[in-house]
Amino acid sequence: MRYLTSGESHGPQLTTIIEGLPAGMPLIDSDINEELARRQKGYGRGRRMQIEKDTVQITAGIRHGYTLGSPVALVVENNDWKHWTKIMGQDPLSPEDEGEVKRKISRPRPGHADLNGALKYGHRDMRNVLERSSARETTVRVAAGAAAKKLLSELGIEVAAHVIEIGGVVSSKRDYSSLKELKEITEESPVRCLDQNAGQKMMDAIDSAKENGDSIGGVVEVIVEGMPPGVGSYVHYDRKLDSKLAGAMVSINAFKGVEFGIGFEAARKPGSEVHDEITWDPEKGYYRKTNRLGGLEGGMTTGMPIVVRGVMKPIPTLYKPLQSVDIETKEPFSASIERSDSCAVPAAAVVAENVIAWELASAIVDQFYSDRFEALKASVEQQRKFAREF
Ligand SMILES: Cc1cc2nc3c(=O)[nH]c(=O)nc-3n(C[C@H](O)[C@H](O)[C@H](O)COP(=O)(O)O)c2cc1C
Ligand SMILES: C=C(O[C@@H]1CC(C(=O)O)=C[C@@H](OP(=O)(O)O)[C@H]1O)C(=O)O
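Definitions and limits used
- Residues numbered from 1 in each chain as written.
- Chains lettered and ligands numbered in written order.
- Predicted model: local features only at pLDDT ≥ 70, side-chain atom pairs only at ≥ 80, totals over all residues.
- UniProt positions renumbered as here; feature names shortened; annotations may be inferred.
- Helix = DSSP H or I, 4+ residues; strand = E, 2+ residues; numbered from the N terminus.
- Rg over C-alpha atoms; globule rule 2.2 N^0.38 Å.
- Buried ≥ 20, exposed ≤ 12 C-beta atoms within 10 Å, placed from the backbone.
- Contact = placed C-beta atoms within 7 Å.
- Near = placed C-beta within 6 Å.
- Nonpolar A, V, L, I, M, F, W, Y, C, P; charged D, E, K, R; others polar.
- Pairing = 2+ DSSP bridges.
- Axes fitted to C-alpha atoms, helices over the stretch in contact; angles between N-to-C directions.
- Parallel < 35°, antiparallel > 145°, perpendicular 65-115°, else oblique.
- Left-handed = near helix turned anticlockwise from the far one by under 90°.
- Core = buried A, V, L, I, M, F, W, Y, C linked by C-beta atoms within 7 Å.

- An unreviewed UniProt entry lists the chain under the name Chorismate synthase, with Cytobacillus oceanisediminis 2691 as the source organism.
- The chain has a UniProt comment under Catalytic activity (unreviewed entry) that states "5-O-(1-carboxyvinyl)-3-phosphoshikimate = chorismate + phosphate".

Okay, structure coming up:
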């Protein structure tokens, strides 16, 4: 499967075209809208989220609630566009508009794509970079991820995410009886944290960062249950599932690192405390006594839950400005801003959930027969049975 996204942050709309969803899979707009609404929530967001009410228009590839096998096109309009029609207009500027709109962005913001993007494409107006590098684009990545989540859920695979750290406050509660419970608790938490106590401290940390004109980052954890074993590849470097998941995680704006299972702790432990012993039971077949490697060995699923974490750096736009250089005058200046999120880790947890779901759905579709959804379901079930009886 593949998808392409297009759209600028303050342009008319964002679009994604998805290719490769099996025919006959149920998918309706509310499946997508629920995910879009989840992405908009979260403590620490700026004023833009009050303007947007993200909802999807399905414009192709679905008929009467089922996929057709043809590309699925999804559109999300930007409500903010109406305030930007002149600045973001697609027609050549008329002489009278030119004065108003001519003001170019010549001051690159540290930590953003502005300067590198300008050096790549030659844009002297860095709006041409920032409009597309904005995490507004994650809206349609979540829309595509929602379709992937639907596919997984129909195959008995569930994906959830929670925030485990914000601004140095670490959640000490990591245990949950089921993913359903984890989802219920985190859906109620403004920071998507299982630990209420830590959640409150995270909100305090966000408040104080905001008061100080600063921003903070954090860590999110995605957990996936129900993947059949043997999905991915040890044969081809570019089909290793862990590498795809890592790439997807770090593709999220501001994400700088990724860990599986015990992650970087593995560097500090002997092998006997890292590897998961294999055992067998007539009901379950093969399974691991522990899951320190996070459900992946040799670039393939083990059948244990997948546990993958991503680290998000603090938001780069700061009310307490950082120094930069104006590309027109070459003079130093302190960046000034109008609005920004002070922490987007809770929202990014939803993005992480969806980009991981996409990679898993994609690996399944690539590995099993997938033109007809019912046939895909049957072959995934057959793989589970095969593994149990092997
Ligand atoms: C959900 C989400 C919301 C974000 N909101 C902002 C924001 O309001 N202001 C900002 O400066 N950066 C924000 N970012 C981060 C920037 O988009 C990102 O740091 C920038 O595009 C540079 O890319 P890089 O950090 O991956 O190198 C957000 C990221 C995510 C995932
Ligand atoms: C619009 C979204 O996030 C935006 C991501 C973002 C950035 O620089 O990445 C900057 C802000 O946009 P604006 O400059 O319009 O206030 C965020 O609001 C969104 O998540 O839907």
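The rest of the description comes next.
Notes on the overall build of the chain
Now for step 1: Secondary structure summary: the chain contains 11 helices and 17 strands in total.
Now for step 2: Relative to the 2.2 N^0.38 estimate, which gives 21 Å for 390 residues, the radius of gyration of the chain is 22 Å and therefore close to what a compact globule would have.
Now for step 3: Taken along its principal axes, the extent of the C-alpha atoms in the chain is 75 × 50 × 40 Å.
Now for step 4: Classification of the 390 residues of the chain by burial places 40% in the buried group.
Now for step 5: When contacts within the chain are restricted to residue pairs at least 6 apart in sequence, long-range pairs at least 24 apart make up 70% of them.

Quick word on the site of ligand 2
Now for step 1: Taken together, 13 residues are adjacent to ligand 2, and Arg48, Ser134, Ala135, Arg136 and Arg339 come closest.
Now for step 2: The residue inventory of the shell around ligand 2, partitioned by class, reads 1 nonpolar, 7 polar and 5 charged.

Structural notes on the sheet that holds strand S7 (residues 158-166)
Now for step 1: Spatially, 5 strands are ordered S8-S7-S9-S15-S10 in an open sheet, and the strand pairing comes out antiparallel. Each edge of the open sheet is held by one strand with a lone partner, namely strand S8 (169-170) and strand S10 (255-260).
Now for step 2: Strand direction decides the pairing type here: S7 and strand S9 (residues 218-225), joined by 8 bridges, are antiparallel. Of the residues in S9, the one forming a bridge with His162 is Glu221.
Now for step 3: Against the sheet, helix H7 (residues 179-188) makes contact with S7 and S9, and its axis sits at roughly 50 degrees relative to S7, the strand it touches most.
Now for step 4: Helix H10 (residues 345-367) contacts S7, S9 and strand S15 (306-312) of the sheet and is inclined by roughly 145 degrees relative to S7.

Describing the packing of helix H6 (residues 138-154) against H10
Now for step 1: Contact geometry of H6 with H10 gives a least axis separation of 7 Å together with a crossing angle of 50 degrees. Accordingly, the angle class assigned to the pair H6 and H10 is oblique. Read as a crossing pair, H6 and H10 show a hand that is left-handed. In this structure, H6 uses Thr138, Arg141, Val142, Ala144, Gly145, Ala146, Ala148, Lys149, Leu151 and Leu152 to contact H10, whose residues at the interface are Val350, Val351, Asn354, Val355, Ala357, Trp358, Leu360 and Ala361.
Now for step 2: For the contact of H6 with H10, the residue count by class is 13 nonpolar, 3 polar and 2 charged.

Focus on the UniProt feature "binding site: FMN" (unreviewed entry) in the chain
Now for step 1: With numbering matched to this structure, UniProt assigns "binding site: FMN" (unreviewed entry) to Arg132, Ser133, Ser134, Asn253, Ala254, Gly298, Lys313, Pro314, Ile315, Pro316, Thr317 and Arg339. In sequence the annotated residues extend across 208 residues, and in space they extend as well, their farthest C-alpha pair lying 44.7 Å apart.
Now for step 2: Note on Asn253: 20 C-beta atoms within 10 Å, which makes it buried.
Now for step 3: Sequence-distant contacts of Asn253, defined by excluding residues within four places in its chain, comprise Ala135 and Thr138.
Now for step 4: Examined against the element boundaries, Pro314 turns out to sit in the loop between S15 and strand S16 (323-325).
Now for step 5: Take Pro314: there are 19 C-beta atoms within 10 Å of it, and that puts it in the partly exposed class.
Now for step 6: Among all residues touching Pro314, those that are not within four sequence positions of it are Ser215, Ile216 and Gly217.

Side note on the pairing of strand S2 (residues 13-19)
Now for step 1: With burial as the criterion, only one face of S2 is covered, namely that bearing Leu14, Thr16 and Ile18; the residues Gln13, Thr15, Ile17 and Glu19 on the opposite face remain uncovered.
Now for step 2: Between strand S1 (residues 2-6) and S2, which follow one another and run antiparallel, lie 6 residues, and Gly7 among them has a positive phi close to 130 degrees.
Now for step 3: Here 6 bridges tie S2 to strand S6 (residues 72-77), and the two strands are oriented antiparallel to one another. Paired with Gln13 across the bridge in S6 is Glu77.

Re the sheet that holds S1
Now for step 1: Reading across the sheet, the 4 strands line up as S1-S2-S6-S3 and stay open at both edges, with antiparallel pairing between neighbours. Each edge of the open sheet carries a strand with a single partner, namely S1 and strand S3 (56-60). Strand-to-strand, the axes of this sheet are offset by a mean angle of 20 degrees, without reference to chain direction.
Now for step 2: Judged from the 4 bridges that link them, S3 and S6 form a sheet pairing that is antiparallel. Each bridged residue has a counterpart across the sheet, and for Val56 the counterpart in S6 is Val76.
Now for step 3: Against the sheet, helix H1 (residues 29-40) makes contact with S3 and S6, and its axis sits at roughly 140 degrees relative to S3, the strand it touches most.
Now for step 4: Of the strands in this sheet, S1, S2, S3 and S6 touch H6, which is tilted by about 35 degrees from S2.

As for the UniProt feature "binding site: NADP(+)" (unreviewed entry) in the chain
Now for step 1: In the numbering used here, UniProt assigns the "binding site: NADP(+)" (unreviewed entry) feature to Arg39 and Arg45.
Now for step 2: Relative to the elements of secondary structure, Arg39 occurs in helix H1.
Now for step 3: With respect to the helices, strands and loops of the structure, Arg45 is situated in the loop between H1 and helix H2 (48-51).
Now for step 4: With sequence-adjacent residues up to four places away left out, Arg45 is seen in contact with Asp341, Ala344 and Ala347.

A word on the site of ligand 1
Now for step 1: Near ligand 1, the surroundings consist of 21 residues, among which Ala135, Asn253, Thr317, Asp341 and Ala344 are the closest.
Now for step 2: A total of 3 residues in the shell around ligand 1 trace back to one element, the largest contributor, which is H10.
Now for step 3: Residues that form the shell around ligand 1 fall into these classes: 10 nonpolar, 9 polar and 2 charged.

So, the nonpolar core
Now for step 1: Membership of the largest hydrophobic core comes to 85 residues, with the highest contact counts inside it found for Ala143, Ala147, Val220, Ala348, Ala352, Ile356 and Leu360.
Now for step 2: Looking at this core, the element that brings in the most residues is H10, giving 15 residues.
Now for step 3: Here Ala147 is in contact with Ile18, Leu21, Leu27, Ile32 and Val72, once residues within four sequence places are set aside.

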